[in-house]
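Below are the chains, spelled out letter by letter.
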Amino acid sequence: MARGLPRAVSLVRFCRKLNRLKPLEETTMDTSLRRCLSMLDLTLLGVGGMVGSGLYVLTGTVAKKMAGPAVVVSFAVAAAASLLAALCYAEFGARVPRTGSAYLFTYVSMGELWAFLIGWNVLLEYLIGGAAVARAWSGYLDAIFSHQIRNFTETHLGIWQVPLLARYPDFLAAGILLLASVFVSCGARVSSWLNHTFSAISLGVILFIITLGFILARPHNWSAEEGGFAPFGFSGILAGTATCFYAFVGFDVIATSSEEAQNPKRAVPMAIAISLSLVASAYILVSSVLTLMVPWHSLDPDSALADAFYRRGYSWAGFIVAVGSICAMNTVLLSNLFSLPRIVYAMATDGLFFQVFARVHPRTQVPVVGIMVFGVLMALLALLLDLEALVQFLSIGTLLAYTFVATSIIVLRFQKASPPSSPGPSSPGPLTKEHSSFSDRLQLVDTGQASAHEPGQLRPALRPYLGFLDRCSPGGAVTWAISILVASAITLGCVVVFGGSALHLPRWAYFLLLLLSFSVFLLSLLILGAHQQQRPLDTFQIPLVPLTPALSILLNISLMLKLSYLTWLRFGIWLLVGLAVYFGYGIRHSKENLREPLGLTATRYVVFPSGSLEETVQAVQPSSQVPAPEASCMEQPTSP
């Protein structure tokens, strides 16, 4: 027994390291980056991140193959679903005005290991996303010149037939990425100015498309003679919604930029709301005029808008559409190159990634090393690799980040407020009183104090009916409810996605599983609702917590389950590489690791009226700052 105790203590300490949180108190307005972005800058960054080639390609593809004219409904539902995730980012971006986005939000609420893995996945998402958009930009420009660039390259370098490599090296895509990296490294103001320019042109082209499109509209194209408004039925609308959901990916660049915002508490939520509204309106109106100009079944999925104007006798409008498409893709490139180095910078600043990426240029005040290194990596991907097989990584990385951010909102709402400061070498705090015996460390908490209005406690009005929930340790019922909520969301998603096809369940078994999983999901929500949340803050907060983030979790998990098994396999391999980086470097160099000098802890026991005993371990100041404690004051296994 005595031999096993040190091993158990070491295991507990190791698990605590994996789940240690970044203190919220560190997320102040002080930063080494330059706070120069206004609400307009953030809004246009969000619009640029969402309006890319999807507006010019996705609308035609969904209308032709999935939903018909009901693509309008698919975009509207997808926008509402994206709003659930956007609200979570808006609350965190206002409350935690630091760069890092989903990585930081997970770090302050769920733990270090989870935060690193989210950051690691977002890193790959931006790398592949930027490279894929660069190749799409190159291909679109090449198509304008009748594919002369591709033909020249294939003639002089030949065609590659190697797995995972592209048919030919795309020098144009690599070149535009390197050029964009140079501009982004010049500072946030230069990036913002470029984004303003391209976004203004893109929005002008969209306004032109909508105006001329409604002039050329033929309501007959939505009539029953052409197949009706929803020729593929309700299932087609749902399939279109799942595809259209990815058109709204990109608003997280606003949360990533919050450390450079002048007034993040107000600007971040407003910019997310305005940009999402503008983009949703653009997608809905453009898809409306597209299916009203020509019958949906005759659309060209690859260049639907340009082809529609050509067929109506306005071939010159195709040139304007091409200019708008290239400008829109430029804004997405800038968004990726702007966000990726800042995620890496946040991880390096926390000690979880290599410190060279934490360096900020003294004049431009941007992480220039990260911008150039990852700009070159992105250019190499665009130059050499076949990205079509890797594009689904974008989906799984984004949806996983959305899921963790939504879960973090629930966790943070029911967490007790952190102490005013975190003692440690880097941030000296108030001295912790050490006790010389177990009886001195024992604190009896009376019923009145235990029932104080603290987050995670059962609501006083419900104690006579749900008193059994108070028998758990403080916060225990909430922890179990959140775990059951996520597990039931996974189960419910599996039943919805696979119940009628892969599992081959009879109808009665399908509905029984559906009812059981939904009942457990609803019960976990009710248990969470029975507990008190943190007091309202002066920053933006999501309404209807835990319902709103829970619906976001369920939606994101269901969409992840629809991805192919090969995507999950590649995702698992990437996670293993990330774990190797974390355990090889991050866990030892973490800033939070420096706050835990070995042995300088004091244990405190709290007895609650229910009879449960809670043990907390608090760090104390090193001997250079406080008088040397007696030997009996050090943390030791204590048995009552």
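Residues numbered from 1 in each chain as written. Predicted model: local features only at pLDDT ≥ 70, side-chain atom pairs only at ≥ 80, totals over all residues. Heavy atoms only, no water.

(A) A look at the overall build of the protein chain. Counting secondary structure elements, the protein chain contains 24 helices and three strands. Looking at the protein chain as a whole, 51% of its 640 residues qualify as buried. Within the protein chain, contacts between residues at least 6 apart in sequence are counted, and of these 82% link residues at least 24 apart. In the structure as shown, the protein chain presents an accessible area of about 28400 Å², 67% of it carried by carbon and sulfur atoms. (Helix = DSSP H or I, 4+ residues; strand = E, 2+ residues; numbered from the N terminus. Buried < 20%, exposed > 50% of the residue type's maximum accessible area, 1.4 Å probe, protein only. Contact = heavy atoms within 4.5 Å. Areas by Shrake-Rupley, 256 points an atom, 1.4 Å probe, with all protein chains shown as cover.)

(B) Layout of the side chain of threonine 99. Looking at the element boundaries, threonine 99 is found in the loop between helix 4 (71-95) and helix 5 (102-107). For threonine 99, the side chain forms a polar contact with the main-chain oxygen of threonine 256, separated by 3.0 Å. Ignoring anything within four residues of it in the chain, the contact list for threonine 99 reads Leu104, Thr256, Ser258, Glu259, Arg342, Tyr345 and Ala346. (Polar contact = N/O pair within 3.5 Å; in protein donor to acceptor, adjacent residues only side chain to side chain.)

(C) Structural detail: the environment of leucine 399. Relative to the elements of secondary structure, leucine 399 occurs in helix 16 (residues 392-413). With 157 residues separating them along the chain, leucine 399 and asparagine 556 place their C-alpha atoms 5.4 Å apart. The contact partners of leucine 399, leaving out residues within four places of it in the chain, are Phe245, Tyr246, Asn556, Leu559 and Met560.

(D) Main features of the side chain of glutamate 154. Locating glutamate 154 in the fold gives a position in helix 7 (residues 148-157). The buried category is assigned to glutamate 154, whose relative accessible area is 16%. Those residues within four positions of glutamate 154 in sequence are excluded, and the remaining contacts are Ile159, Arg167 and Tyr168.

(E) Seen up close, the environment of leucine 285. Of note, leucine 285 is situated in helix 12 (residues 264-293). Accessibility expressed as a relative area gives 34% for leucine 285, which makes it partly exposed. Counting along the chain gives 210 residues from leucine 285 to phenylalanine 75, while the straight-line C-alpha distance between them is 9.8 Å. Among all residues touching leucine 285, those that are not within four sequence positions of it are Ile210 and Phe214.

(F) Summary view of the nonpolar core. Counting 165 residues, the largest nonpolar core has Tyr56, Tyr89, Phe248 and Phe353 as its most contacted members. The residues touching tyrosine 56, leaving out its near neighbours within four places in the chain, are Ser202, Val205, Ile206, Ile209, Ala304, Leu305, Val321, Gly324, Ser325 and Ala328. (Core = buried A, V, L, I, M, F, W, Y, C linked by side-chain atoms within 4.5 Å.)

(G) Geometry of the packing of aromatic side chains. The full count for this structure, using the stated rule, is 28 aromatic pairs. Ring centres of tryptophan 120 and tryptophan 574 lie 4.5 Å apart, and the angle between their planes is 15°; on these two criteria the pair is classed as stacked. One end of the pair, tryptophan 120, is in helix 6 (residues 112-144); the other, tryptophan 574, is in helix 23 (residues 565-589), and 454 residues separate them in sequence. For the pair tryptophan 120 and tryptophan 574, a shared accessibility class is recorded, and that class is buried. In textbook terms, an aromatic cluster arises when at least three aromatic residues are bridged by ring pairs, as seen for Phe14, Phe116, Trp120, Phe353, Phe354, Phe357, Phe374, Trp574, Tyr582, Phe583 and Tyr585. Positioned above the aromatic ring of phenylalanine 338, the side-chain terminus of arginine 342 is 3.7 Å from the ring centre. (Phe/Tyr/Trp six-rings, centres within 6.5 Å; stacked < 30°, edge-to-face > 60°. Lys NZ or Arg CZ within 6 Å of the ring centre and 35° of its normal.)

(H) The arrangement of a nonpolar patch on the surface in detail. Among the surface-exposed residues, Val162, Leu165, Leu178, Val373, Val376, Leu377, Leu380 and Leu384 lie close enough to one another that they form a single nonpolar patch of about 570 Å² accessible area. In this fold, valine 376 is placed in helix 15 (residues 368-384). (Patch = residues over 30% accessible without salt bridge, like charges linked within 9 Å, V, L, I, M, F, W, Y side chains within 5 Å. Salt bridge = Lys/Arg side-chain N within 4 Å of Asp/Glu carboxyl O.)

(I) Highlighting helix 2 (residues 39-50). Helix length check: helix 2, at 12 residues, gives a terminal C-alpha distance of 17 Å against a target of 16 Å (1.5 Å per residue), a fit within 8%. With 10 of 12 residues buried, helix 2 lies mostly within the body of the structure. By the burial criterion, the buried members of helix 2 are Asp41, Leu42, Thr43, Leu44, Leu45, Gly46, Val47, Gly48, Gly49 and Met50. As for helix 2, its buried residues are in contact with helix 9 (188-215), helix 11 (252-256), helix 12 and helix 14 (316-349). (Expected span 1.5 Å × (residues − 1).)

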